[in-house]
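Residues per chain, in single letters:
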There are 2 protein chains.
Amino acid sequence: MKNITIALDAMGGDNSPHEICKGALLACKEFQDLEIILTGDEERIKPCLSKASSGVLGRVRVVHSTETVAMDDHPVTAIRKKRGSSMRLAMEMVRSGEAQGCLSAGNTGAIVAGGVLVVGRLPLIDRPALGVPLPTINRWTFLLDVGASVRSKSFNLYQYAQMGNVYSKKILGVAEPEIGLLSNGTEKIKGDEVVAEAREMLLKSSLNFKGYVEGDDVPWGRADVVVCDGFMGNVILKFGEGLMQGARSIIAEEMGQRFMPKIGMLFMVPMVKALWARFNYEKYGGTPLLGVEGTVMKAHGRSKAPAIFGALSATRNFILKDGVGQIREELG
Amino acid sequence: MKNITIALDAMGGDNSPHEICKGALLACKEFQDLEIILTGDEERIKPCLSKASSGVLGRVRVVHSTETVAMDDHPVTAIRKKRGSSMRLAMEMVRSGEAQGCLSAGNTGAIVAGGVLVVGRLPLIDRPALGVPLPTINRWTFLLDVGASVRSKSFNLYQYAQMGNVYSKKILGVAEPEIGLLSNGTEKIKGDEVVAEAREMLLKSSLNFKGYVEGDDVPWGRADVVVCDGFMGNVILKFGEGLMQGARSIIAEEMGQRFMPKIGMLFMVPMVKALWARFNYEKYGGTPLLGVEGTVMKAHGRSKAPAIFGALSATRNFILKDGVGQIREELG
């Protein structure tokens, strides 16, 4: 079997290059068919690889680059002007075929811009979408768009549903994904004009479309794929993240002031561990950019090695299952 | 001092009329200046009042009505056609001055429609807004609109900010409320056209406007007032509610399968109680409809007596502080 090559932007994200490299080594150790090209500052990357075994190192190489896309760079300008940046280099390898996919934990807007400008859109796609698999009460729900665009037309939402259907089926392994369209109520009269028109289009499609879903249907896991525009997706994703982190910080604060709960906690360790395993969002840590001519994956800016490992697994999986070809076929 | 009269829709919500009446009695016991007119089915309401003391009962009276607005009624049609419904009766008492405010836990759309059609909009208001005070890490954040409209124009968002400013200052007691506009990022280039234009308008206003806030800024309490359109507000409110309920249900489920955590929990009771008190959203349980010619308050459809009590306190408070007059002045 042929090896799979992923170009990894070693300079993207808050913990680069150290945690990015560590994640790359973990993935190469786990997957014997995986080759990784690290793009970035060779002098800073090399020390991060010093402890790896030769079996792993044989499948990791570095392509030097001094330029980096900053988190606050203007996305399109960064991709256009910083032609030698670690992020752009990784994407050009996807375009040239040198790598079958790329991953970056850097500037989200620049990843989207690079996906469109460097890798290129699929012929029938108006706008690509960023999707994220979320752990819910009873399943993994794939939410898209979480920020590739701001607002969308009905037709875009329709295409997001098609692409989400493919990702849920082929990558997350759901037999007949239930698709929901996020709205402010489940009744037909709800939604704005854009959402209402998308609903009509989806009802006529061959997708397993369940109609409108509401905000609480996401955490309760009442659909396999939830479609919304990028403005909404961005806000609820960050809102949910903030809510969970905030809750944890408050519990820690209340616990810090007390002695008894600390004892109580000792009895709870196995349960907390079980919960953590069940809702470990790093399991499917990659956020794919769907609708482009190659595998482009984004990892969270705060990713550490386990999240990079998870995102690399998702990237590898997307390549193995020919995600891009599947989407091309679904939309054809 | 003159008494305050609130018309209370006894038939609205999932637990009517029993819990609604119970909440009314609690409030009349707590506030000696409070009179409540219960609108609804007298035969069903009377038994719910049987155990009250005469001191309280002297300030509660029932106005009989057999018609009820159902949760799935079309809002405008229900208000127009069901002229004798308990909800409409309560609103007409506000219009006639027989009551200074009204409260319902019924059909949200119908409350908004009744606010506009029966009570009437304030002269300068294009669209009223529903707001909700949310407990966050370090303060109460007033979020609006959470569903009076679907989409909004820039000018509507601007007015929501003005009305939210009044509510935060006068009712929640914040000296100089920090106002944030919900967007998909904090940088100037973020947002859609509507939000960007509202941002420009707010920057020129005399409000203490902080610019864009993101989804996670809500739970982290980085503003006193957060402004968004009703579609967004509805979705994130339900999403947050679902997330917290879902988390509780999962912990309960994991706990049910284990023995040790139950012991651990015993050590945690005081902490859990402290957390509950700190984040008890029933404290400011009322969701005011702002921008109409009278005090119109909504309670959650699932409200039980303590939430109705909280919403009645908020209604009374809004009347005492002349919330409607304050908003009229701010917008004038």
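Before going into details, it helps to say that this report is about the structure given with it. (Residues numbered from 1 in each chain as written. Chains lettered and ligands numbered in written order. Predicted model: local features only at pLDDT ≥ 70, side-chain atom pairs only at ≥ 80, totals over all residues. Heavy atoms only, no water.)

A look at the interface of chain A and chain B
And then number 1: With 53 residues of chain A at the contact, the number on the chain B side is 53 residues.
And then number 2: Interface of chain A and chain B: buried area, both sides summed, is about 4900 Å²; carbon and sulfur atoms make up 75% of it.
And then number 3: For the interface between chain A and chain B, the tally reads four salt bridges.
And then number 4: Across the pair aspartate 192 of chain B and arginine 151 of chain A runs a salt bridge whose closest N-O atoms are separated by 2.7 Å.
And then number 5: Inspection of the region where chain A meets chain B yields four residue pairs in polar contact (both at pLDDT 80 or more). (Contact = heavy atoms within 4.5 Å. Buried area = accessible area lost by both parts, 1.4 Å probe. Salt bridge = Lys/Arg side-chain N within 4 Å of Asp/Glu carboxyl O. Polar contact = N/O pair within 3.5 Å; in protein donor to acceptor, adjacent residues only side chain to side chain.)

Some words on the state of the cysteines
And then number 1: The full count for this structure, using the stated rule, is zero disulfides over all chains.
And then number 2: A disulfide-free cysteine, cysteine 28 of chain A has its sulfur positioned 11 Å from the sulfur of cysteine 21 of chain A, the nearest such atom.
And then number 3: Here cysteine 228 of chain A is not disulfide-linked; the sulfur of cysteine 228 of chain B is the nearest cysteine sulfur, at 15 Å.
And then number 4: By relative accessible area, cysteine 228 of chain A is classed as buried at 4%. (Disulfide = S-S within 2.5 Å. Buried < 20%, exposed > 50% of the residue type's maximum accessible area, 1.4 Å probe, protein only.)

Overview of the packing of helix H7 (residues 154-171) of chain B against helix H8 (residues 193-204) of chain B
All names here are of chain B.
And then number 1: At their nearest, the axes of H7 and H8 sit 8 Å apart, and the two run at 50° to each other. Classified by the angle their axes make, H7 and H8 are oblique. Here H7 and H8 pass one another in a crossing that is right-handed. Of the residues in H8, those in contact with Ser154, Phe155, Leu157, Tyr158 and Ala161 of H7 are Glu193, Val194, Val195, Glu197, Ala198, Met201 and Leu202.
And then number 2: Its residues placed into classes, the contact of H7 with H8 shows nine nonpolar, one polar and two charged. (Axes fitted to C-alpha atoms, helices over the stretch in contact; angles between N-to-C directions. Helix = DSSP H or I, 4+ residues; strand = E, 2+ residues; numbered from the N terminus. Parallel < 35°, antiparallel > 145°, perpendicular 65-115°, else oblique. Left-handed = near helix turned anticlockwise from the far one by under 90°. Nonpolar A, V, L, I, M, F, W, Y, C, P; charged D, E, K, R; others polar.)

Thoughts on the pattern of salt bridges
Residues and elements named next belong to chain A.
And then number 1: Counting across every chain of the model gives 32 salt bridges over all chains.
And then number 2: For glutamate 98, the salt bridge identified is with arginine 61, shortest N-O distance 3.2 Å. Within this pair, whereas glutamate 98 is found in the loop between helix H5 (86-96) and strand S4 (101-104), its partner arginine 61 is found in strand S3 (residues 60-64), the two being separated by 37 residues in sequence.
And then number 3: For glutamate 98, a relative accessible area of 41% puts it in the partly exposed group.
And then number 4: Look at arginine 61 and you get partly exposed, because its relative accessible area is 41%.
And then number 5: Across the salt bridge formed by arginine 302 and glutamate 241, the nearest N and O atoms sit 3.4 Å from each other. With a gap of 61 residues between them, arginine 302 in the loop between strand S11 (295-298) and helix H11 (305-320) and glutamate 241 in helix H9 (residues 230-256) connect regions that are remote in the sequence.
And then number 6: With relative accessibility at 45%, the residue arginine 302 sits in the partly exposed group.

Concerning unusual backbone geometry
And then number 1: A cis amide bond links serine 16 of chain A to the next residue, proline 17 of chain A, at an omega of -5°.
And then number 2: For the peptide bond that leads from leucine 144 of chain B to aspartate 145 of chain B, omega is 0°, which places it in the cis range.
And then number 3: Checked against the element boundaries, aspartate 145 of chain B lands in the loop between strand S6 (140-144) and H7.
And then number 4: With a phi close to 55°, aspartate 322 of chain A is a non-glycine residue in the positive phi region.
And then number 5: On the secondary structure map, aspartate 322 of chain A appears in the loop between H11 and helix H12 (323-331).

Quick notes on the side chain of serine 86 of chain A
And then number 1: Here serine 86 of chain A is to be found in helix H5.
And then number 2: If we skip the residues at most four places from it in the chain, serine 86 of chain A touches Asp9, Met11, Thr39, Gly40, Ser65 and Glu67 of chain A.

Thoughts on the relation of the copies chain A and chain B
And then number 1: The transformation that overlays chain A on chain B combines an axial shift of 0.0 Å with a rotation of 180°, and the residual RMSD is 0.0 Å. Given the turn and translation reported, the copies of this chain are related as if by a two-fold rotation axis. If distances are taken from each C-alpha of chain A to the rotation axis, the shortest is found for glycine 264 of chain A, at 1.9 Å.
And then number 2: Of the residues that chain A buries at the interface, 100% are likewise interface residues in chain B, meaning the two copies contact each other through the same surface. (Least-squares fit on C-alpha atoms with pLDDT ≥ 70 in both.)

Digging into empty space enclosed by the protein
Residue and element names in this part refer to chain A.
And then number 1: Scanning all chains against the criterion turns up one cavity of 30 Å³ or more.
And then number 2: For the largest cavity, the calculated volume is near 30 Å³.
And then number 3: For the lining of the largest cavity, the elements supplying multiple residues, two or more each, are H5, S4 and S11.
And then number 4: Residue composition of the lining of the largest cavity, grouped by class: seven nonpolar, one polar and one charged. (1 Å grid on protein atoms, 1.4 Å probe; cavity = no way out; pocket = protein on both sides within 12 Å on 5 of 7 lines; lining within 4 Å. Points joined across faces, edges and corners; volume = space filled by probe spheres on them.)

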